[in-house]
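Letter by letter, the chains look like this.
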Amino acid sequence: MLIKNARIVTPDTTFTGVVEVREGLIHAVEEGTTQSAEAVDWEGDYLVPGLVELHTDNLEKHLAPRPGVYWNTHAAFAIHDAQVAAAGITTVFDSLVIGERDASGLRSRKLQAECGQALLDTIEAGLFRADHFLHLRCEIATQDAADTFADMCDHPLLRLVSVMDHTPGQRQWHDPVLHRQYHERNGKVPDAQWEAMLADLRAQQQRYAIPHRRSIVEMSRARGLPLASHDDTSLEHVEEAQRDGVALSEFPTTLVAARAAHDKSIGVIMGAPNVVRGGSHSGNVAAAELAREDVLDILSSDYVPASLLQAAFQLHNDHADCGWTLSKAMRTVSWNPAQSAGLTDRGGIKPGLRADMVRVAVRPGMPPIPRETYMVGQRIA
């Protein structure tokens, strides 16, 4: 495959040039043009690396398209896969939450086990477009978090483990009033019922959070699995993460925590929707503020796959005066996440790497639109 007249975004610079692909790998990247009749003219569209997504809850939308309505796991994976490929994502870490509060709910132990098997089934059948891995998000303040993790920690596709605590009064929900406002957005809960729920959650947190975190961290480290902490809010949270050998800080809620993590060489992940919307939907620090302070390393689409590409271009457009070149912005959604997960064969437009590429159209007044997505040189969307 030979591509000409493309605005190529490498990890270091951007230029108009030619890319040659051989046997699924990028063979050559050069400025200028070619007179070869075999070359495909990209007409000035951008050629960027396939996006690498470390944390997405998008699968859950298809597992439960309506509250209480649960879909077939294989079908849910199939449409989730199609969406991420169309968004330019060629490597995706599917997030499964373990630690159940509702035995029959979306994040129940039974359903997560089914998802782990469906992931393997679909890969074996050769039906995925993108490359899929598993990210286990561990809700440590629940009764069965450690036991469920022990059941799933040897899954062959597991590549990332995060520890989190969404108990009211902790981390993201350090202010229980904000927690209540968020969870009552679809309807008011009587005070007595809310207080009873709050008391139960706090009791579980006091009983399980510390021992389960220790157990999950130990099992992860024994298997060489990268660790992430979730919703770091204070210096103490970051210091705890450092002691545990954490490599990534997912969605720190304050500038103080993000700066501390960055200073300790813990990669800082923020949500791409936070960038696109101009702020956090739950009142936490804005990703744009971390970008201006240069303590932002990786973006995650979180719950909107299409936000990943849009956010990278927006970082460049909004913060070029702070040193955010398009190459630097694109590294947050390709090179940096790939390197952090040990995937050294992808994430950039460079000779020798996998030909994971996206053709992106940029038109006045419109967000960047992925027109074509390629994985290992083959078009997948």
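Residues numbered from 1 in each chain as written. Predicted model: local features only at pLDDT ≥ 70, side-chain atom pairs only at ≥ 80, totals over all residues. Heavy atoms only, no water.

- An unreviewed UniProt entry lists the protein under the name Alpha-D-ribose 1-methylphosphonate 5-triphosphate diphosphatase, from Pandoraea commovens.

## Re the overall build of the protein
Reasoning step 1: Within the protein, the regular secondary structure consists of 13 helices and 16 strands.
Reasoning step 2: Over its C-alpha trace the protein gives a radius of gyration of 21 Å, about what one expects of a compact globule, namely 21 Å for 381 residues.
Reasoning step 3: Along the three orthogonal principal directions, the C-alpha set of the protein runs to about 75 × 45 × 40 Å.
Reasoning step 4: In the protein, which comprises 381 residues, the share counted as buried stands at 56%.
Reasoning step 5: Counting only contacts in the protein whose residues sit at least 6 apart along the sequence, the fraction spanning at least 24 positions is 65%.
Reasoning step 6: Just so you have it, the protein exposes about 16,300 Å², and 49% of that area is on carbon and sulfur atoms. (Helix = DSSP H or I, 4+ residues; strand = E, 2+ residues; numbered from the N terminus. Rg over C-alpha atoms; globule rule 2.2 N^0.38 Å. Buried < 20%, exposed > 50% of the residue type's maximum accessible area, 1.4 Å probe, protein only. Contact = heavy atoms within 4.5 Å. Areas by Shrake-Rupley, 256 points an atom, 1.4 Å probe, with all protein chains shown as cover.)

## Side note on helix α3 (residues 109-124)
Reasoning step 1: Along its 16 residues, α3 runs 23 Å from first to last C-alpha, staying within 8% of the 22 Å computed at 1.5 Å per residue.
Reasoning step 2: For α3, every residue scored as buried is listed here: Leu111, Gln112, Cys115, Gly116, Ala118, Leu119 and Thr122. For α3, the angular spread of the buried residues around the axis is 165°, confining them to a single face. Away from its buried face, by an angle of more than 90 degrees, α3 presents the exposed residues Lys110 and Glu124.
Reasoning step 3: Looking at the buried positions of α3, the neighbouring elements they touch are α1 (58-63), α2 (73-86), β7 (89-98), β8 (131-139) and α4 (145-152).
Reasoning step 4: Immediately downstream of α3, the backbone of glycine 126 shows phi near 70°, a positive value. (Expected span 1.5 Å × (residues − 1). Arc of directions from axis to C-beta.)

## Description of the packing of aromatic side chains
Reasoning step 1: Under the defined criterion, the tally for this structure stands at four aromatic pairs.
Reasoning step 2: Both rings, one in tryptophan 42 and one in tyrosine 374, keep their centres 6.3 Å apart while their planes meet at 25°; by these two values the pair is stacked. On the criterion of sequence distance, the pair formed by tryptophan 42 in the loop between β4 (40-41) and β5 (46-49) and tyrosine 374 in strand β15 (residues 369-375) is long-range, its members being 332 residues apart. Across the pair, exposure class does not vary: tryptophan 42 and tyrosine 374 are buried alike. (Phe/Tyr/Trp six-rings, centres within 6.5 Å; stacked < 30°, edge-to-face > 60°.)

## Some thoughts on the pairing of β7
Reasoning step 1: Burial within β7 is extensive, with 10 of its 10 residues counted as buried.
Reasoning step 2: Across four bridges, the pairing between strand β6 (residues 51-56) and β7 is parallel. What sits directly across from valine 52, in β7, is threonine 91.
Reasoning step 3: Pairing analysis gives eight bridges linking β7 to β8, with the strands arranged parallel. In the strand pairing of β8, phenylalanine 93 is matched with phenylalanine 133. (Pairing = 2+ DSSP bridges.)

## Things to note about the nonpolar core
Reasoning step 1: Leu54, Phe149, Leu290, Leu299 and Met330 are the most contacted members of the largest nonpolar core, which totals 85 residues.
Reasoning step 2: Sorting elements by how many residues they give to this core places helix α11 (residues 307-319) first, with six residues.
Reasoning step 3: Ignoring sequence-local partners within four residues, the contact set of phenylalanine 149 consists of Ile98, Leu136, Cys138, Val161, Ile216, Met219 and Ser220.
Reasoning step 4: Membership of the second largest hydrophobic core comes to 14 residues, among which are Ala6, Val21, Leu47 and Tyr374. (Core = buried A, V, L, I, M, F, W, Y, C linked by side-chain atoms within 4.5 Å.)

## Quick notes on the packing of α2 against α3
Reasoning step 1: Here α2 crosses α3 at 60°, and the two axes come no closer than 9 Å. Between α2 and α3, the angle falls in the class oblique. Two packed elements cross with a definite hand, and for α2 against α3 that hand is right-handed. Contacts from Thr73, His74 and Phe77 in α2 reach Leu111, Glu114, Cys115, Ala118, Leu119, Asp121 and Thr122 in α3. (Axes fitted to C-alpha atoms, helices over the stretch in contact; angles between N-to-C directions. Parallel < 35°, antiparallel > 145°, perpendicular 65-115°, else oblique. Left-handed = near helix turned anticlockwise from the far one by under 90°.)

## A short note on the pattern of salt bridges
Reasoning step 1: Inspection of the entire model under this criterion finds 20 salt bridges.
Reasoning step 2: With a closest N to O distance of 2.8 Å, aspartate 244 and arginine 213 form a salt bridge. Placement of aspartate 244 in the loop between α7 (235-243) and β11 (248-250) and of arginine 213 in helix α6 (residues 191-222) is noted, with a sequence separation of 31 residues between them.
Reasoning step 3: Between arginine 354 and aspartate 356 there is a salt bridge, with the nearest N and O atoms lying 2.9 Å from each other. For the pair arginine 354 and aspartate 356, a shared accessibility class is recorded, and that class is buried. (Salt bridge = Lys/Arg side-chain N within 4 Å of Asp/Glu carboxyl O.)

## Topic: the environment of valine 21
Reasoning step 1: You can see valine 21 is positioned in strand β2 (residues 14-22).
Reasoning step 2: Residues valine 21 and alanine 355, 334 residues apart in the sequence, show an inter-C-alpha distance of 6.7 Å.
Reasoning step 3: If we ignore the near neighbours within four places in the chain, the residues touching valine 21 are Met1, His27, Ala355, Met357 and Gly377.

## Structural notes on the pairing of β15
Reasoning step 1: Judged from the five bridges that link them, strand β14 (residues 357-361) and β15 form a sheet pairing that is antiparallel. For methionine 357, the partnering residue across the bridge sits in β15 and is tyrosine 374.
Reasoning step 2: With two bridges joining them, β15 and strand β16 (residues 378-379) adopt antiparallel strand pairing. By the bridge assignment, tyrosine 374 is partnered in β16 with arginine 379.
Reasoning step 3: Where β15 folds back onto β16 in an antiparallel hairpin, the turn is made up of two residues, including valine 376, whose phi is positive at roughly 50°.

## Some thoughts on the sheet that holds strand β12 (residues 267-271)
Reasoning step 1: Here we have eight strands laid out as an open sheet, ordered β6-β7-β8-β9-β10-β11-β12-β13, and parallel in their pairing. Since the sheet does not close on itself, it has two edges, and those belong to β6 and β13 (298-300), each with one partner. Put simply, the sheet's adjacent strands are angled 25° from each other on average, direction ignored.
Reasoning step 2: Across the sheet, α3 lies against β7 and β8, angled at about 155° from β7, the strand it touches most.

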